[in-house]
Amino acid sequence: MVLAQLGGSISRAIQQMSNATIIDEKVLNECLNEITRALLQADVQFKLVREMQTNIKKIVNLDDLAAGHNKRRIIQQAIFNELCKMLDPGKPSFTPKKGKPSVIMFVGLQGSGKTTTCTKYAYYHQKKGWKPALVCADTFRAGAFDQLKQNATKAKIPFYGSYTESDPVRIAVEGVETFKKENCDLIIVDTSGRHKQEAALFEEMRQVSEATVNPDLVIFVMDSSIGQAAFDQAQAFKQSVSVGAVIVTKMDGHAKGGGALSAVAATKSPVIFIGTGEHMDEFEVFDVKPFVSRLLGMGDWSGFMDKIHEVVPMDQQPELLQKLSEGNFTLRIMYEQFQNILKMGPIGQVFSMLPGFSSELMPKGREKESQAKIKRYMTMMDSMTNEELDSSNPKLMNDSRIMRIARGSGRQVREVMEMLEEYKRLAKIWSKMKGLKIPKKGEMSALSRNMNAQHMSKVLPQGMLKQIGGVGGLQNLMKQMGSTKDMMGMFGGGE
Ligand SMILES: Nc1nc2c(ncn2[C@@H]2O[C@H](COP(=O)(O)OP(=O)(O)OP(=O)(O)O)[C@@H](O)[C@H]2O)c(=O)[nH]1
C-alpha cells in the first residue's frame, strides 16, 4: 500500500536529520519539509499537514533546548505524537459487550465494501466467541441479499433478509427482533448504498436508524481510494445519522489511504478497523499508536501478540509462548506455525508487525508463491527426525543430514539449505522474545510494562538504537519519560 511508502519517506527524513552533525533550524526545516511532501503525496489534507508542521516547530524550539538534550529524540517523539494526534479524534467509539445484545448499523456509499465489511466484522467477532448475526436491509441493489447470504453461509453466521419485501425499515426491524430473541449479542444491519450522496439514501438511512432499529453504533464504511473527497463524504453521512465509528476499506490497493484516514479523524469519529483485502480475514483492528509505529517501521509488539492469540489455536498458545520466552525456537515450532499459517490464511499481517520482518517471508501480493514456499519447507521438514525437529542447535544439521533430508523429500540440497537459513533468520528474530513475561489473553499491555530497556534494545532496529544512544541512552530515555507506557506507544506497544 502507498502508506508503506509514506512510512519509508518519513523514516528516511528522520534518519537524514539524525545523520547531520548539528541539528539546527535548517536541518529541522528540511526534515519537516520532507515529511510534509510525503504526507501530501499520501493525500492527507493540506490544512492538517500545515497544522502538524506548526505544532512540531512549536514543541521543538531549538533555541530553548539546552545543550545536552537529545534533540533527535525530542523531534522524533514530536513527529510521532503529531501523527497520532492527526489520526486520533480523542474519543473512543461505543464498544459492544459480549453477551449483551448490541445493534450495529453499517452505512456507506455503493461499492465502498459495506456488505463485505459487515461479514468481516461479524466473522472477526465470531472468532472471539461472540454470537453475531447479519440483517440485509439493502433493498436497493438486487444482488445485495444474495451476496450477504453467500458470505454469511461461508462464515456460518445466521442471516436475515427478503427477496420480496421492499421496505428496508421493515426488514431491519424484523431481523433485529428475530436475532434478539435468539440471544445474538452482535446484530449487524447492512443498509443500502447508492452511487451518489442522494437525499433519498440519507432519508432511508435515518428512518432505519432512528425510527426503528435504534442502533447502538453506526459504522460508516469508506473506500480508501477516495482520498481528499473523504472529508465531505464522511461529514455528509455524519450529519444524517450519528456515525460513531469508521472502517476504511481497500487499504491493500494502490489507494493513498492518508486522505481517508486523516479526514475521518477530522470528523471526530475514530477509525476502528481497516480492510486489507477481499477475503474474510483481511481485516485489522485500527489502533492509532501501533499503526503509526508500523508506519514508521518501528514494529508493533502488542498487535503481534494479539495475532498470536488469533492465529495459534488456544490449546497451543501457553506452550508456544512458554517456549518462546525460553528462547527455544525449534524447527518443530516453525513447522507448527507454518501449519497454523496455512490454516488461517494471511500471515503477512502477523509478520508485518515485527520490526524489519514484513516483506521478507510473505511479500504482499505474492501470498500464493509464499504459501507454496511454506509447503515446500514443510515437505522437507517431514523428512527430518524428531531429534532434528526438536533441537535449536543449528550445528546439528551437518552436510550428511542435509543431503539425507534432500533425498528423502525429493528436493535439492540448495533448497534444504535455504529452508535452514529461513529457520535461522526466524529463530534469531524470535529469540528476542527470550525472558519476556508472558501476557495472558486480553492483557497485552502487560507485555509492554514488562519490557525493559534490555529487551527493547534487542527489538529496536539497530539504526534507531544508535540514534537514541545505545542501551544506556534508551535507559535514560525511559527514566526521563517516567513511565514506559508512552515509550511503548512510540515503539508500538501502546494499549
Ligand atoms: N481489495 C479489497 N477489496 C475489497 C475490500 N473490501 C471490499 N472489497 C471489494 O469491493 C467490492 C465492493 O464490495 P461490496 O461489499 O459489494 O460493496 P457494498 O458497499 O456493499 O456495495 P453496495 O451493496 O452496492 O452498497 C467487492 O468486490 C469486494 O470484494 C478490501 O478491503 N480490499
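Quantities reported herein were computed from a predicted structural model and do not represent experimental measurements.

Brief notes about the overall build of the chain
Looking only at helices and strands, the chain has 25 helices and 8 strands in total. Residues counted as buried form 42% of the 495 residues belonging to the chain. Restricting to contacts in the chain with at least 6 residues of sequence separation, those with at least 24 account for 74%.

Some details on the packing of helix α2 (residues 25-41) against helix α3 (residues 46-59)
Axis separation between α2 and α3 bottoms out at 10 Å; the angle between their running directions is 160°. Between α2 and α3, the interaxial angle falls into the category roughly antiparallel. The hand of the α2/α3 crossing is right-handed. Along its contact with α2, which presents Leu-32, Thr-36, Leu-39 and Leu-40, the element α3 presents Phe-46, Val-49, Gln-53 and Ile-56. Taken together, the residues that form the contact of α2 with α3 break down as 6 nonpolar, 2 polar and no charged.

Focus: the nonpolar core
Counting residues in each nonpolar core, the largest one holds 84 residues, and the members touching the most others are Leu-134, Val-135, Ile-188, Val-189 and Val-246. Structurally, this core is a two-domain feature, drawing no fewer than three residues from each of domain 1 (2-87) and domain 2 (102-286). One finds Met-381, Met-384, Tyr-423 and Leu-426 within the second-largest nonpolar core, a separate group that totals 14 residues.

As for the UniProt feature "domain: SRP54-type proteins GTP-binding" (unreviewed entry) in the chain
Within the UniProt annotation, "domain: SRP54-type proteins GTP-binding" (unreviewed entry) is assigned to residues 270-283. With 0% helix and 43% strand, residues 270-283 has its two end C-alpha atoms placed 16 Å apart.

Considerations on the environment of Lys-154
Following the sequence through the fold, Lys-154 ends up in helix α6 (residues 144-155). By C-beta crowding, Lys-154 is classed as exposed, having 11 other C-beta atoms within 10 Å. Lys-154 sits 31 residues away from Tyr-123 along the chain, and the two C-alpha atoms are 10.0 Å apart.

Comments concerning the sheet that holds strand β4 (residues 186-191)
The strand order across the open sheet formed by 8 strands is β3-β2-β4-β1-β5-β6-β7-β8, and the pairing between neighbours is mixed. Either end of the sheet is taken by a strand with one partner, and the two such strands are β3 (159-160) and β8 (283-285). As judged from the 3 bridges shared by strand β6 (residues 243-249) and strand β7 (residues 271-275), these two strands associate in the parallel manner. When the sheet's bridge partners are listed, Val-246 is paired in β7 with Val-271.

Description of the pairing of β4
Most of β4 is tucked away, with 6 of its 6 residues classed as buried. Burial of the side chains of β4 extends over both faces: Leu-186, Ile-188 and Asp-190 are buried on one face and Ile-187, Val-189 and Thr-191 on the other. Where strand β1 (residues 102-108) meets β4, 5 bridges bridge the pair, whose relative direction is parallel. By the bridge assignment for β4, Phe-106 is matched with Asp-190.

Some points on helix α7 (residues 168-181)
In a regular helix each residue adds 1.5 Å, so 14 residues correspond to 20 Å; α7 covers 20 Å between its end C-alpha atoms and thus fits that length. Three or more residues of α7 are buried, namely Pro-168, Ile-171, Ala-172, Gly-175, Val-176 and Phe-179. Along the long axis of α7, the arc covered by the buried residues comes to 125°, so they all point the same way. Immediately beyond the C-terminal end of α7, within one or two residues, lies Asn-183, with a positive phi of roughly 60°.

What about unusual backbone geometry?
In this structure, Asp-43 takes a positive phi of about 85° despite not being glycine. Relative to the helices and strands, Asp-43 resides in the loop between α2 and α3. With phi around 60°, Asn-183 is a residue other than glycine that occupies positive phi space. The residue Asn-183 is located in the loop between α7 and β4 in this model.

As for α3
The first and last C-alpha atoms of α3 sit 20 Å apart over 14 residues, in line with the 20 Å expected at 1.5 Å per residue. The set of residues buried in α3 consists of Leu-48, Val-49 and Met-52. Burial along α3 is one-sided: seen end-on, the buried residues are contained in an arc of 100°. Exposed positions of α3 whose direction lies more than 90 degrees from the buried face are Phe-46, Lys-47, Arg-50, Thr-54 and Lys-58.

Structural notes on the environment of Asp-223
With respect to the helices and strands, Asp-223 occurs in strand β5 (residues 217-223). Non-local contacts of Asp-223, meaning those with residues more than four positions away in its chain, are made with Ser-112, Gly-113, Thr-249 and Lys-250.

Description of the packing of helix α5 (residues 114-127) against α6
With their axes 10 Å apart at the nearest point, α5 and α6 run at an angle of 20° to one another. With respect to α6, the axis of α5 lies roughly parallel. Of the two possible hands of crossing, α5 and α6 adopt the one that is right-handed. Of the residues in α6, those in contact with Thr-115, Thr-119, Ala-122, Tyr-123 and Gln-126 of α5 are Ala-144, Gln-147, Leu-148, Asn-151, Ala-152 and Ala-155. Partitioned by chemical class, the residues of the contact of α5 with α6 number 6 nonpolar, 5 polar and no charged.

Regarding the environment of Ala-122
Tracing the backbone through its elements, the reader meets Ala-122 in helix α5. Judged by the 27 C-beta atoms lying within 10 Å of it, Ala-122 is buried. Between the C-alpha atom of Ala-122 and that of Ile-187, which follows or precedes it by 65 residues, the distance is 8.7 Å. In this view, Ala-122 contacts Pro-132, Leu-134, Ala-155, Ile-157, Leu-186 and Ile-188; residues no more than four positions away in its chain are not counted.

Focus: the confidence of the model for the chain
Averaged over every residue, the pLDDT of the chain is 75; the share at 70 or more is 68%. The lowest-confidence element of the chain is helix α25 (residues 484-491), averaging 34 in pLDDT; the highest-confidence one is α5, averaging 94. Of the regions scoring below 50 in pLDDT, residues 351-362 engages in 27 contacts with residues more than four places distant in sequence or in other chains. Within the model, the stretch residues 438-451 combines pLDDT values under 50 with 31 contacts to residues more than four positions away or in other chains. Taken over the whole predicted complex, pTM reads 0.64, whereas the ipTM for its chain interfaces reads 0.96.

Basis of the calculations
Residues numbered from 1 in each chain as written. Predicted model: local features only at pLDDT ≥ 70, side-chain atom pairs only at ≥ 80, totals over all residues. Helix = DSSP H or I, 4+ residues; strand = E, 2+ residues; numbered from the N terminus. Buried ≥ 20, exposed ≤ 12 C-beta atoms within 10 Å, placed from the backbone. Contact = placed C-beta atoms within 7 Å. Axes fitted to C-alpha atoms, helices over the stretch in contact; angles between N-to-C directions. Parallel < 35°, antiparallel > 145°, perpendicular 65-115°, else oblique. Left-handed = near helix turned anticlockwise from the far one by under 90°. Nonpolar A, V, L, I, M, F, W, Y, C, P; charged D, E, K, R; others polar. Core = buried A, V, L, I, M, F, W, Y, C linked by C-beta atoms within 7 Å. Domains from an automatic or database assignment. UniProt positions renumbered as here; feature names shortened; annotations may be inferred. Pairing = 2+ DSSP bridges. Expected span 1.5 Å × (residues − 1). Arc of directions from axis to C-beta. pLDDT = per-residue confidence, 0-100.

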